[in-house]
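Working through the structure, step by step
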Amino acid sequence: MEKALNKLMENTKQQFAGKTLVVGLGVTGMSVVRFLAARGESVAVTDTRDIPPGLDELKENYPDVARFLGGFDERAFVSADRLVVSPGVPLSEHCITQAIEKGIPVIGDVELFAQYVDAPVVAITGSNGKTTVTKLLGNMAVESGANVGVGGNIGTPVLDLLNKGHELYVLELSSFQLETIESLRPVASVVLNLSEDHMDRYQGLEDYARAKSRIYHNAETEVVNLDDEQVMKMANPLRQIGFTTGRVASDEEFGTCDVEGQTWLCHGPEQLCPVDSLLISGKHNIANALAALALGKAAGLDTAKMISALQRFGGLPHRTQYVAEIGGVRFYNDSKATNVGACKAALYGLHKEDGSKAVVILGGDCKGADFSELGDVLAETCRGVVLIGRDADEIRHIVPAGIKSVSATDMPDAVSHAAELAMPGDMVLLSPACASFDMYKGYEHRGDVFMEAVRGLQR
């Protein structure tokens, strides 16, 4: 892939004039069509699907745009003067590689955005946590009084953010989007962490890391996770701000420090706020908070305003989302934990070494999963387990001796039982380790019902 990417970037630098072929419709493809059509440029669209998402909008609003659907026709590619490829379409597609070899520029929507961007950009990627950091930094920018555009791989496509008077852009970028950037010059960028992902598209971790590392190309400041060796290999030490969940080792690092028996977030010797003052919990969220603070610092945001936004940030919906504190017990919605691994990560991530415990709500459609590996984490972190859903009995037998388990008929019943089992200082966590479709429309619906039941305790 590296050789193909090098050739691609040589082509991208050519001056463009002529018809653009948008490869892959959907949300991103339609944003490209809207942007180019508004500029009066000639556009055509191709997609392997007969009825791709966005087709109705395309037909209604852009009836003159040529459509090549139901497969890729090489003739459509080689007759174009430029390709704008949606992130979900691999550059290894034969028609795309042929276009690259013929010298046809191949870019993505982020590269097109970079050629017209009108304000500083903060760019965020990573295998995990990038949505949390993007949302958090966007909140920090708003608190600081900036007119900020937040989008990219989440929410609004990057091209739809342009020409809105934004003073700052905060973008979540996937490895797929990063493959085709050349002109993007972020004021700050970060690779939060790196672990194997999308191995169906990449030849291995090194290939995947190479795509991620492109976010540091041309960045004024490179924010680096000092706890991740793979990320540290990517960055230029001369442009670097580091963050670590461990103790700070230099004046430029963001990390933690001890203040009168409490753990604080720090920037060098500067004490920012106690970890216990945050609504988000867990080591992974400490890392996310520090990354956002480092990026905001590089972007010129006000530190006090960033801390204020951080202390009010409850996390993303249904992902260890803080709901409320009632009687000294914190309630968290992790309905998106639809498998054993996600439930384990939540329990370990939120666990504290202060004697407090969790009461976890488990159950639903187990999809034939093996729950035996939950035993150890339940023994270490939990005071009680509340079981719900069709496959509750599949989980009951792995609950360790000494941990109370009860069954509930529905979510309000489960929340009521969990509140009774929990003690002040504990947390109640909905992290079902199961799919939701036996009882709910989806994990979002399940999480919403949980939050409503928690609020019912307050009434």
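As a starting point, this report considers the structure included with it. (Residues numbered from 1 in each chain as written. Predicted model: local features only at pLDDT ≥ 70, side-chain atom pairs only at ≥ 80, totals over all residues. Heavy atoms only, no water.)

Within the chain, the secondary structure is distributed over 18 helices and 20 strands. Computed over the C-alpha atoms, the radius of gyration of the chain is 24 Å, within 12% of the 23 Å expected from 2.2 N^0.38 for a compact globule of 459 residues. With respect to the three principal axes, the spread of C-alpha positions in the chain is 70 × 50 × 40 Å. Of all 459 residues assigned to the chain, the portion counted as buried reaches 55%. For the chain, the proportion of contacts with a sequence separation of at least 24, taken over those separated by at least 6, is 63%. Looking at the chain, you have 42 positive and 61 negative side-chain charges, and the mean spots of the two groups are 3 Å apart. (Helix = DSSP H or I, 4+ residues; strand = E, 2+ residues; numbered from the N terminus. Rg over C-alpha atoms; globule rule 2.2 N^0.38 Å. Buried < 20%, exposed > 50% of the residue type's maximum accessible area, 1.4 Å probe, protein only. Contact = heavy atoms within 4.5 Å. Lys, Arg positive; Asp, Glu negative; His and termini not counted. Charge placed at Lys NZ, Arg CZ, Asp CG, Glu CD.)

Quick look at the pairing of strand 16 (residues 329–333) now. Among the five residues in strand 16, five count as buried, and that is most of the element. The alternating pattern of strand 16 places Val329, Phe331 and Asn333 on one face and Arg330 and Tyr332 on the opposite face, and all of these are buried. Judged from the five bridges that link them, strand 15 (residues 321–326) and strand 16 form a sheet pairing that is antiparallel. Following the sheet pairing, Ile326 is matched in strand 16 by Val329. Linking two consecutive strands that pair antiparallel, namely strand 15 and strand 16, is a turn of two residues; a positive phi of about 60° is found at Gly327 within it. Judged from the four bridges that link them, strand 16 and strand 20 (residues 427–430) form a sheet pairing that is parallel. Bridge assignment links Asn333 to a residue of strand 20, and that residue is Leu430. (Pairing = 2+ DSSP bridges.)

On to the pattern of salt bridges. In this structure the tally under the stated criterion is 19 salt bridges. In this structure, Asp258 engages Arg247 in a salt bridge whose closest nitrogen and oxygen atoms are separated by 2.8 Å. Residue Asp258 is located in strand 12 (residues 254–259), and its partner Arg247 is located in strand 11 (residues 240–247); the two are separated by eleven residues in the primary sequence. Notably, a salt bridge pairs Asp393 with Arg396, separated by 2.8 Å at the nearest N-O pair. You can see Asp393 and its partner Arg396 sitting in helix 16 (residues 392–396), three residues apart, about one turn around the helix. Residue class for Asp393 comes out exposed when judged on its relative accessible area of 55%. Counted as one network, the salt bridges with shared partners bring together Arg34, Glu57 and Asp160. (Salt bridge = Lys/Arg side-chain N within 4 Å of Asp/Glu carboxyl O.)

What follows deals with the side chain of Ser189. By the element assignment, Ser189 lies in strand 9 (residues 188–191). Non-local contacts of Ser189, meaning those with residues more than four positions away in its chain, are made with Ala123, Ile215, Tyr216, Ala219, Thr221, Glu222, Val223 and Leu295.

It is worth spelling out the packing of aromatic side chains at this point. Counted under the stated rule, the structure contains six aromatic pairs. When the ring of Tyr322 is compared with that of Tyr332, the centres are 5.9 Å apart and the planes differ by 70°; the resulting orientation is edge-to-face. Of this pair, Tyr322 sits in strand 15 while Tyr332 is found in strand 16, placing the two residues ten residues apart along the sequence. Grouping residues by exposure puts Tyr322 and Tyr332 together as buried. Site record: aromatic cluster; members linked through ring pairs are Phe176, Tyr202 and Tyr208. Geometry around Phe176 places Arg201 over its ring, the cationic atom sitting 3.7 Å from the centre. (Phe/Tyr/Trp six-rings, centres within 6.5 Å; stacked < 30°, edge-to-face > 60°. Lys NZ or Arg CZ within 6 Å of the ring centre and 35° of its normal.)

This part takes up the sheet that holds strand 14 (residues 270–274). An order of 7-8-6-9-10-11-12-13-14 is seen for the nine strands of this open sheet, with the pairing classed as mixed. Here the strands that pair on one side only, and so sit at the sheet edges, are strand 7 (148–152) and strand 14. Across the sheet, the axes of successive neighbouring strands diverge by a mean angle of 25°, strand direction being ignored. Against the sheet, helix 7 (residues 130–143) makes contact with strand 6 (121–125), strand 7 and strand 8 (168–172), and its axis sits at roughly 165° relative to strand 8, the strand it touches most. Contacts between helix 12 (residues 283–298) and the sheet are confined to strand 6, strand 9, strand 10 (222–225), strand 11, strand 12, strand 13 (262–267) and strand 14, with strand 11 contributing the most and set at about 155° to the helix. (Axes fitted to C-alpha atoms, helices over the stretch in contact; angles between N-to-C directions.)

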